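Here is what each chain is made of, one letter per residue.
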Amino acid sequence: MTPLSITVSGEAETGQLGQQLALALAPGAVVGLDGPLGAGKTTLVRSVAAALGANPRQVASPTFVLMHQYEARTPIYHFDAYRVKSANEFWELGIQDYFESVGISIIEWASRVVECLPDDHILGRAELTGESSRLWLWSAAGPRSAEILRKLESSWQSRAI
């Protein structure tokens, strides 16, 4: 699948993107997120969590605790690899158990631990294009993740019409 590019004009559209992503995700999905500080990674996770029935006020960047779990229709495991010293340290957290569960795993700063991600995963990178606008670049590794991105692309295009 060709990488998917989605431009959002601000926080509200980032929230809409998160809602559309949540609708496309399936249990067991693994999503890695990257982008500079303030790019909207946690905002996107908050929107995914809310769309899946979690309390969005509980969603915060797990930088200092490395992982938060949110109760939703499908459990959400929200990781942050910003402070891990190595991919090996991240792996030793037992992340493979989360990846193999029925929950949805979302990893901020995924480029720091990309070698730990399962063969079938999604990567999303936010690039700053203005004061509040962002370009999200999405790619999929594996057939299940490619199908998720096809659903996201279709729902995003339908929403914009």
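Description of the structure in this document. Remember, it's a predicted structure, so these values are computed and weren't measured experimentally.

### Some remarks on the overall build of the chain
Alright, step 1. Assigned secondary structure in the chain consists of five helices and seven strands.
Alright, step 2. If you list the helices and strands of the chain from N to C, you get β-α-β-α-β-β-α-α-β-β-β-α.
Alright, step 3. For 161 residues, the compact-globule estimate of 2.2 N^0.38 gives 15 Å, and the C-alpha radius of gyration of the chain, at 14 Å, lies within 12% of that figure.
Alright, step 4. On the principal axes, the C-alpha backbone points of the chain span a range of 45 × 35 × 30 Å.
Alright, step 5. For the chain, the proportion of its 161 residues judged to be buried stands at 48%.
Alright, step 6. Taking all contacts inside the chain whose residues are at least 6 apart in sequence as the whole, residues at least 24 apart take part in 62%.

### Brief notes about helix H2 (residues 41-51)
Alright, step 1. Counting buried positions over the 11 residues of H2 gives eight, a clear majority of the element.
Alright, step 2. For H2, every residue scored as buried is listed here: Lys41, Thr42, Thr43, Leu44, Val45, Ser47, Val48 and Ala49.
Alright, step 3. Following H2 by one or two positions, Gly53 has its phi on the positive side, about 100°.

### Structural notes on the side chain of Thr74
Alright, step 1. Position of Thr74 relative to the elements: it lies in the loop between strand S3 (67-70) and strand S4 (76-80).
Alright, step 2. Non-local contacts of Thr74, meaning those with residues more than four positions away in its chain, are made with Pro27, Val102, Gly103 and Ile104.

### Topic: the packing of aromatic side chains
Alright, step 1. A complete count under the given rule lists six aromatic pairs for this structure.
Alright, step 2. Aromatic pair Trp136 and Trp138: ring centres 5.4 Å apart, planes at 15°, arrangement stacked.
Alright, step 3. Residue classification places Trp138 among the buried residues on the basis of a relative accessible area of 0%.
Alright, step 4. Ring pairs connect the aromatic residues Tyr77, Phe79, Phe90, Tyr98 and Phe99, which therefore count as one cluster.
Alright, step 5. Just above the ring of Trp109 sits the side chain of Lys41; from NZ or CZ to the centre is 4.3 Å.
Alright, step 6. Lying over the aromatic face of Tyr82, Arg112 brings its terminal NZ or CZ to 5.6 Å of the ring centre.

### Considering the pattern of salt bridges
Alright, step 1. Considering all chains together, one arrives at one salt bridge under this definition.
Alright, step 2. Of the charged contacts in the structure, one is a salt bridge between Arg150 and Glu147, with a shortest N-O distance of 3.2 Å. Placement of the pair is Arg150 and Glu147 together in helix H5 (residues 143-160), with a separation of three residues, close to one helical turn.

### Digging into the environment of Phe64
Alright, step 1. With respect to the helices and strands, the residue Phe64 is situated in the loop between H2 and S3.
Alright, step 2. Measuring from C-alpha to C-alpha, the distance between Phe64 and Arg83 comes to 7.6 Å, with 19 residues separating the pair along the chain.

Cut-offs and rules
- Residues numbered from 1 in each chain as written.
- Predicted model: local features only at pLDDT ≥ 70, side-chain atom pairs only at ≥ 80, totals over all residues.
- Heavy atoms only, no water.
- Helix = DSSP H or I, 4+ residues; strand = E, 2+ residues; numbered from the N terminus.
- Rg over C-alpha atoms; globule rule 2.2 N^0.38 Å.
- Buried < 20%, exposed > 50% of the residue type's maximum accessible area, 1.4 Å probe, protein only.
- Contact = heavy atoms within 4.5 Å.
- Phe/Tyr/Trp six-rings, centres within 6.5 Å; stacked < 30°, edge-to-face > 60°.
- Lys NZ or Arg CZ within 6 Å of the ring centre and 35° of its normal.
- Salt bridge = Lys/Arg side-chain N within 4 Å of Asp/Glu carboxyl O.

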